[in-house]
Amino acid sequence: MKRHSVMEGDGQGCQVMIMWLRFLLPPQGSLEVSLSQPTRSSSGFPFSGWLQREMRGCMKTPWIRPRKYWFVLTPDSLDYYSSNEKGARRLGSLVLTSLCSVLWPDKQLYKETGYWSVTVFGRKHCYRLYTEHLNEAVRWVCAVQKVIDSKAPVQTPTQLLMRDVEVSPCPEILEQIYRCNPILRYTSGPLYAPLLPFPYAPGPRSYTTLRDEAVKLFNSLQQLESERDPVPLMQGVLQTCLDLPPLVDEIYCQLVKQTTEPPAPGGQGDLHYWQLLTCMSCTFLPSPPVLRFLHFHLDRTENRFPASEMAKYACFIREALGKTKGRECVPSLEEILVLMQRQEMICTVHCPGAPACSVAISSHTTAEEVAQELVSRLGLSQSPNLFALYEQSRRREQPVGSATLLADVLTRFENLAGEDREQDPPCRLCFKHYGFLDTDNVPRDSLEFALLFEQAHEMVLRGYVPTSEETLQTLAALRLQSLNSDFSTHAPFPRLEELFPPHQRAERDQRLRGRLREEGASTMAAIVEKWKLLQGMGRPEAMAAYMALAPAGCGTGAALAVGSPDTPLSLQSPVGCGPQRLWLGIGAKAVSLYKPGEPEPLDSFCYGRISSFGASDSSTFRLSVEDRDLLFETSQVEEIAQLLNTYLTSAGTQRLPQPQEPPSSPPTSEPTVLPQGLCTAAGPWQLRPPVGSSHS
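Conventions and cut-offs
- Residues numbered from 1 in each chain as written.
- Predicted model: local features only at pLDDT ≥ 70, side-chain atom pairs only at ≥ 80, totals over all residues.
- Heavy atoms only, no water.
- Helix = DSSP H or I, 4+ residues; strand = E, 2+ residues; numbered from the N terminus.
- Buried < 20%, exposed > 50% of the residue type's maximum accessible area, 1.4 Å probe, protein only.
- Contact = heavy atoms within 4.5 Å.
- Areas by Shrake-Rupley, 256 points an atom, 1.4 Å probe, with all protein chains shown as cover.
- Phe/Tyr/Trp six-rings, centres within 6.5 Å; stacked < 30°, edge-to-face > 60°.
- Lys NZ or Arg CZ within 6 Å of the ring centre and 35° of its normal.
- Arc of directions from axis to C-beta.
- Axes fitted to C-alpha atoms, helices over the stretch in contact; angles between N-to-C directions.
- Parallel < 35°, antiparallel > 145°, perpendicular 65-115°, else oblique.
- Nonpolar A, V, L, I, M, F, W, Y, C, P; charged D, E, K, R; others polar.
- Core = buried A, V, L, I, M, F, W, Y, C linked by side-chain atoms within 4.5 Å.
- Pairing = 2+ DSSP bridges.
- Polar contact = N/O pair within 3.5 Å; in protein donor to acceptor, adjacent residues only side chain to side chain.
- Disulfide = S-S within 2.5 Å.
- Salt bridge = Lys/Arg side-chain N within 4 Å of Asp/Glu carboxyl O.
- Left-handed = near helix turned anticlockwise from the far one by under 90°.
- Expected span 1.5 Å × (residues − 1).

Draft legend 1. Structural detail: the overall build of the chain. Scanning the chain for helices and strands turns up 20 helices and 23 strands. The 696 residues of the chain split such that 51% are buried. Pairs at least 24 apart in sequence give 65% of the contacts found in the chain among residues at least 6 apart. Element-wise, carbon and sulfur atoms account for 52% of the exposed surface of the chain, whose accessible area totals about 33,100 Å².

Following this line, the structure appears as structure tokens:
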């Protein structure tokens, strides 16, 4: 077992170290060369040729005079010599291992310099090769990549020891492995190389190489020991792992190392490591070899420290690993705090027409699970309609997919709250109807009818109900009657925007604001006059009248899906006329087209006439109606398809139209699972016929 014993911080092992000893380091800096046509040498090496090398110097002398060198690609390295004569002095060498990488020629660099580049990355250096011909650059790339691919995978001492620990035949040998190999145990010193192998290549975006980031993260972990408030630092480590997924296994190994035989088991520093390990287990799932090693570490900790805080964290982590499937966001600051205490979060869900509900959730709770709990808690289990959660703000709302983790949604809310959101306030979670399948038989004195009423009013205020201004004023009067009963000068009076949809385009025009105030006063006076005519009408009657009056009604089985009140659909005419601006309504029985402000549809397509539907690409939704194909440009293709599929499935159609997948686009992120979707705004849409089609 001592064969794997290495000095602290050594991340590559003896075999690789021997290879590094053969590496004659060139002068500091990266090598930039201009290559001639590659040839095969008489000695059998794959490639060789004269190259122009330029070397970056210090700030005062950025470039030295270029010189020719003889470059040779061997089965083990890329070398350069003073000449091509026998016995010429080797000036530098880049040893090629399975961790090396080579970049393909960069078109942008060719446009700027007239040269195609080939960059080869080694452990500490990189060679930049240049040629005027693309085919020559490609040949060098392929040759270098072939040598790299021929190398056996590099295994670090940590990987070899993980395997030894897994197959250890008895406890005595196991303890000897830990005793003889400091790389497996806690250290207060720095880490000079990663515990796992990483390719020698630049990192994405603003990050350095994965090797350097791994070492930086270990330094961050060590800071946890003395941090009074470790939460921001923990979130930073988690964010780096989310941005750089290859580092997930590395951080798991580093945390296992630092929680193995620490100087003060159960102390503050040790518990901070366990708390970060808890957050990791609720966010990322490691690879199978690291997962087995982690489970072994958890079992060993529970056996050595039963009933301790470390054992409790180990038990929590084991259960979390069995549920974790990956996250879209790292845990919020609030989630990290509750995970540090091994507790659940309290999530507030708003219900139109009912008090807000507090629901206990974990890092693994989905939107569908919360929606089902609220359906049961609010006594809606017998309703034929569907319900779902929505992310809602004053100006927009969107569905929460059934498989979406609510912890990710709360993290997004936290991020939005930290930004300047003057144009659109932060979101909240709402529980609402998803599909209006049968609203006629909902009892007027039930909680569900109150939910329907409030949801209908929201849709009216957002401008999603096509109707006349006269009808909108009557709806506003009925709303006042339901809130305050009969007219009274002493009754609380809501703001106009809480009763009547705003004129959004006028609000954005500074010159029309004065006119808007005048129109608002006139509209409010008309609403009050209509309110006075409702004297003696009770709240249930006012609500029922409101629901009956709302056209394409939110309470009559239709759900509108429009661009926005001032940006409806654009229907392009096949004969070259100007585009028509239309709204689209998706209901329980049909899909309809509306002129803005008109309650009656221009055209309706019952589901029996729809032959197929689906995504033509990521932003185009196709609806095939008999001999016509209608194409909608929208940012919510999936939501439209899910809503249509919901109504078709619920209606029990004999032959369901099949969703069409675009031939070149990736599959949707998740299958259609009920309840899921949105029956309101679907972004600015454009409806256009394909070439050769015609419709009125």
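Draft legend 2. Examining the packing of aromatic side chains more closely. If you walk through the whole model with that rule in mind, you get 10 aromatic pairs. Residues Tyr80 and Tyr127 carry aromatic rings whose centres are separated by 6.1 Å and whose planes lie at 75° to one another, so their mutual orientation is edge-to-face. A residue pair is termed long-range when its members are at least 10 positions apart, and Tyr80 in strand 4 (residues 77-81) and Tyr127 in strand 8 (residues 126-131) qualify at 47 residues. Summarising the aromatic geometry, the rings of Phe487 and Trp531 are spaced 5.2 Å apart at their centres and angled 90° between planes, so their arrangement reads as edge-to-face. On the criterion of sequence distance, the pair formed by Phe487 in the loop between helix 16 (469-484) and helix 17 (504-507) and Trp531 in helix 18 (residues 513-532) is long-range, its members being 44 residues apart. Linked through ring pairs, Phe71, Tyr80 and Tyr127 together constitute an aromatic cluster. For the cation-ring pair, Arg300 lies above Tyr178, with the distance from its terminal atom to the ring centre recorded as 4.0 Å.

Draft legend 3. Broad picture of helix 4 (residues 157-166). Among the residues of helix 4, those classed as buried are Pro157, Thr158, Leu161, Met162, Asp164 and Val165. Along helix 4, the residues classed as buried sweep out an arc of 165° about the axis, all on the same side.

Draft legend 4. View of the packing of helix 7 (residues 231-243) against helix 12 (residues 333-340). Between helix 7 and helix 12, whose axes approach to 10 Å, the crossing angle comes to 105°. Comparing the axis directions of helix 7 and helix 12 gives the class roughly perpendicular. Taken together, the residues of helix 12 that come into contact with helix 7 (itself represented by Val231, Met234, Gln235 and Leu238) are Leu333, Ile336, Leu337 and Met340. Taken together, the residues of the contact of helix 7 with helix 12 sort by class into seven nonpolar, one polar and no charged.

Draft legend 5. A look at the nonpolar core. Core analysis: the biggest nonpolar cluster contains 56 residues, and Leu184, Leu238, Tyr252, Leu255, Trp274, Leu276 and Met280 have the highest contact counts within it. Discounting chain neighbours no more than four positions away, the residues touching Tyr252 are Leu277, Met280, Ser281, Phe284, Pro286, Val290, Leu294 and Leu321. Among the nonpolar cores identified, the runner-up in size contains 52 residues, and Leu478, Phe500, Leu630 and Ile640 belong to it.

Draft legend 6. Representation of the sheet that holds strand 12 (residues 397-399). Strand order across the open sheet formed by five strands is 10-9-13-11-12, with mixed pairing between neighbours. Every interior strand has two partners, whereas the edge strands, strand 10 (354-361) and strand 12, have only one. Geometrically, the sheet is characterised by an average inter-axis angle of 40° between neighbouring strands, direction not taken into account. Here two bridges tie strand 9 (residues 345-351) to strand 13 (residues 428-435), and the two strands are oriented parallel to one another. Residue pairing across strands places Val349 opposite Leu429, the latter belonging to strand 13. Relative to the sheet, helix 13 (residues 367-377) contacts strand 9, strand 10, strand 11 (386-392) and strand 13, its axis offset from that of strand 10 by approximately 130°.

Draft legend 7. Examining the side chain of Thr283 more closely. Mapped onto the fold, Thr283 is located in the loop between helix 9 (268-281) and helix 10 (288-304). Given a relative accessible area of 0%, Thr283 falls into the buried group. A polar atom in the side chain of Thr283 sits 2.7 Å from the backbone oxygen of Cys279. Ignoring any residue separated from it by four or fewer positions in sequence, one finds Thr283 in contact with Thr324, Gly326, Arg327, Cys329 and Pro331.

Draft legend 8. Structural detail: the state of the cysteines. The final tally for this structure, using the stated rule, is zero disulfides. Of all cysteine sulfurs in the structure, the one in Cys282 sits closest to Cys279, which takes part in no disulfide; the separation is 7.0 Å. Using a relative accessible area of 0% as the deciding quantity, one classes Cys279 as buried. Of all cysteine sulfurs, the one in Cys351 lies closest to Cys357, which takes part in no disulfide; the gap is 3.9 Å. Relative accessible area serves as the criterion here: at 8%, Cys357 is assigned to the buried category.

Draft legend 9. Molecular detail of the pattern of salt bridges. For the structure shown, the criterion picks out 27 salt bridges. In this structure, Arg185 and Glu261 form a salt bridge, with 3.9 Å as the shortest nitrogen-oxygen distance. Of the two residues, Arg185 is situated in the loop between helix 5 (171-180) and helix 6 (210-224) and Glu261 in the loop between helix 8 (247-258) and helix 9; the sequence distance between them amounts to 76 residues. A salt bridge links Glu309 to Lys312, with the shortest nitrogen-to-oxygen separation between them at 3.6 Å. Taken together, the residues Glu309 and Lys312, both in helix 11 (residues 309-321) and three residues apart, mark about one turn of the helix. The class for Glu309 is partly exposed, based on a relative accessible area of 32%. Overall, Lys312 belongs to the partly exposed group, its relative accessible area being 41%.

Draft legend 10. A look at the packing of helix 4 against helix 10. Contact geometry of helix 4 with helix 10 gives a least axis separation of 10 Å together with a crossing angle of 55°. Accordingly, the angle class assigned to the pair helix 4 and helix 10 is oblique. Between helix 4 and helix 10 lies a crossing of left-handed hand. Across the interface between the two elements, Met162, Val165 and Glu166 of helix 4 pack against Pro289, Val290, Arg292, Phe293 and Phe296 of helix 10.

Draft legend 11. Fine view of unusual backbone geometry. Phi at Ala307 is positive, roughly 65°, even though this residue is not glycine. If you trace the backbone, Ala307 turns up in the loop between helix 10 and helix 11. For Ala307, a relative accessible area of 73% puts it in the exposed group. One non-glycine residue, Arg342, lies in the positive phi region at around 60°. Relative to the helices and strands, Arg342 is located in the loop between helix 12 and strand 9. On the basis of relative accessible area, Arg342 is assigned to the partly exposed category, the value being 24%.

Draft legend 12. View of the environment of Glu213. Tracing the backbone through its elements, the reader meets Glu213 in helix 6. Overall, the relative accessible area of 8% leaves Glu213 in the buried class. Once the C-alpha coordinates of Glu213 and Gly203 are considered, the two residues, 10 residues apart in sequence, prove to be 8.6 Å apart. Apart from the residues within four sequence positions on either side, Glu213 is in contact with Tyr207, Thr208, Leu244 and Leu247.

Draft legend 13. Fine view of helix 9. With 14 residues, helix 9 should reach 20 Å at 1.5 Å per residue; the first-to-last C-alpha distance of 20 Å fits that figure. Most of helix 9 is tucked away: 13 of the 14 residues are buried.

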